[in-house]
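Observations on the three-dimensional arrangement
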Amino acid sequence: MGSRNRAQHYITAAESALAAQNFEECCKQAALAQESDPTNQAPAQLIAIADVMSAFSSTISSAADGSGKKSDYYFVLGVPRFTEDLDAIQSSFDRLSALLNPNTNSFPLSHQALSLVRKAWKTLSNPNQKSKFDEELRTKLKSLDGSETQAFWTACTHCYCLYEYPAEYENCCLRCQNLSCQCVFTAAVCPPPPQEVIEKGSYDCLEGMSVVKTKHKMAANCSKKLMGKGTRVLQANGSAPL
């Protein structure tokens, strides 16, 4: 089977998974299609839909009884929580809007995903609405601080950014939150970074790094900032040896 035929096989499987709202499987199959035929735009369109619709399930509540739920718009756009970088918000919106354009994307749920992206951008690009949304989100997160949530560290096998995720994401198919990467990777468990690295907030991955073999490449510990669903992120300053 040629690379293009193989890619089409994975695309068909990804579309079926998307129609069944199995977003994790959709991303896995689409990622395989990307590897088989990097020139095909369809896998990126499928992953964009799956990412947004999966983020839609990550809700926050504006009331103690769980009412008033709404999507986590940072998750929807794939940008760091509470970011003040309006350029990053706009860039993510532009990228997703292009991938979800109904004139070129006819996959299931593309219209719903685009609607969510527009709502997220409308809120986060407006200073007043963003401030209100951030206040609600911080209140919700603060109420969860007392709960014990097991977590693990994993790494993007493409850019070597290291992430801390809740345990339920172990071995899931995730999209790298690094805006210059955004590749799909499997969340394999990595050794946690040294505490002094986390406290320092920046780290050259060539100095005293902890490296772990994953299915595809090597993953390294690097510099920290908050991003996404309460996750911690260590971004790579330099390249890890293969």
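Residues numbered from 1 in each chain as written. Predicted model: local features only at pLDDT ≥ 70, side-chain atom pairs only at ≥ 80, totals over all residues. Heavy atoms only, no water.

**Comments concerning the pattern of salt bridges**
In plain terms, the rule: A carboxyl oxygen of Asp or Glu within 4 Å of a side-chain nitrogen of Lys or Arg is what we treat as a salt bridge. To sort residues, take the accessible area from a 1.4 Å probe on protein chains only and compare it with the maximum for the residue type: under 20% means buried, over 50% means exposed, and anything in between is partly exposed.
Scanning all chains against the criterion turns up four salt bridges. Asp72 is paired through a salt bridge with Arg81; the nearest N and O atoms lie 2.4 Å apart. For Asp72, a relative accessible area of 0% puts it in the buried group. Arg81 gets classed as buried once you look at its relative accessible area, which sits at 12%. Look at the salt bridges and you will find they share partners, linking Glu84, Lys130 and Asp134 into a network.

**Some remarks on the packing of aromatic side chains**
This is how the line gets drawn: For Phe, Tyr and Trp, where Trp contributes only its six-membered ring, two rings pair if their centres lie within 6.5 Å, and the inter-plane angle classes them as stacked under 30 degrees, edge-to-face over 60, or tilted in between. For helices the rule is a DSSP run of H or I covering at least 4 residues; for strands it is a run of E covering at least 2, with both sets numbered from the N terminus onward. In this scheme, the term charge over a ring applies when either NZ of a lysine or CZ of an arginine sits within 6 Å of the ring centre and within 35 degrees of the ring normal.
Inspection of the entire model under this criterion finds four aromatic pairs. Seen in terms of ring centroids, Tyr74 and Phe133 are 5.9 Å apart; in terms of plane orientation they differ by 50 degrees. Their pairing is tilted. Remark: Phe133 occurs in helix α7 (residues 127–144) and Tyr74 occurs in helix α4 (residues 73–77); sequence separation between them is 59 residues. A relative accessible area of 0% places Tyr74 in the buried class. Here the aromatic cluster, defined as three or more aromatic residues joined through ring pairs, consists of Tyr73, Tyr74, Phe82 and Phe133. Over the ring of Phe75 we find Arg81, and its NZ or CZ is 5.5 Å from the ring centre.

**So, the side chain of Ser97**
For clarity, the cut-off: Should any heavy atoms of two residues lie within 4.5 Å, those residues are counted as being in contact.
The residue Ser97 is located in helix α5 (residues 86–99) in this model. By relative accessible area, which is 19% here, Ser97 ends up buried. Ignoring anything within four residues of it in the chain, the contact list for Ser97 reads Leu114 and Val117.

**With respect to the environment of Val117**
Along the chain, the position of Val117 falls in helix α6 (residues 110–124). C-alpha separation for the pair Val117 and Ser92, spaced 25 residues apart in sequence, amounts to 9.3 Å. Look past the residues within four positions of Val117 in its chain and what remains in contact with it is Val52, Val76, Leu77, Phe93, Leu96, Ser97 and Leu100.

**Section: the environment of Ser97**
The condition is simple: Two N or O atoms form a polar contact when they lie within 3.5 Å of each other; inside protein one atom must be a possible hydrogen donor and the other a possible acceptor, and for residues adjacent in sequence the pair counts only when both atoms belong to side chains.
Each C-alpha atom, one on Ser97 and one on Leu114, is 6.5 Å from the other, the two residues being 17 residues apart in sequence. In this structure the side chain of Ser97 is engaged in a polar contact, spanning 2.8 Å, whose partner is the backbone oxygen of Phe93.

**Describing unusual backbone geometry**
Even without a glycine there, the phi angle at Gln21 is positive, about 60 degrees. You can see Gln21 is positioned in the loop between α1 (3–19) and α2 (23–36). In this structure, Phe82 is a non-glycine residue whose phi angle is positive, near 65 degrees. Structurally, Phe82 can be placed in the loop between α4 and α5.

**Focus: the pairing of strand β3 (residues 151–155)**
Rules: One requirement defines pairing of two strands: DSSP has to find at least two bridges between them.
The buried fraction of β3 is high, at four of five residues. Relative to strand β4 (residues 162–166), β3 runs antiparallel, the two being bridged by five bridges. Bridging from a neighbouring strand, Ala155 pairs with Leu162 of β4. What sits between the antiparallel neighbours β3 and β4 is a turn of six residues, in which Tyr160 has the positive phi angle 70 degrees.

**Re the packing of helix α3 (residues 42–56) against α6**
We count it as follows: Inter-axis angles, ranging from 0 to 180 degrees, are taken between N-to-C directions of lines fitted to C-alpha atoms, where helices are fitted over the stretch in contact. A crossing counts as left-handed when the near helix is turned anticlockwise from the far one by less than a right angle, and as right-handed when that turn is clockwise. For this scheme, ten residues count as nonpolar: Ala, Val, Leu, Ile, Met, Phe, Trp, Tyr, Cys and Pro. Four count as charged, namely Asp, Glu, Lys and Arg, and the remainder, Gly too, count as polar.
Two numbers describe how α3 lies on α6: the axes approach to 9 Å, and their chain directions differ by 65 degrees. Judged by the twist between their axes, the crossing of α3 over α6 is left-handed. Contact with α3, carried on its side by Ile49, Val52, Met53 and Phe56, involves Ser110, Gln112, Ala113, Leu116 and Val117 of α6 and no other residues of that element. For the contact of α3 with α6, the class distribution of residues is seven nonpolar, two polar and no charged.

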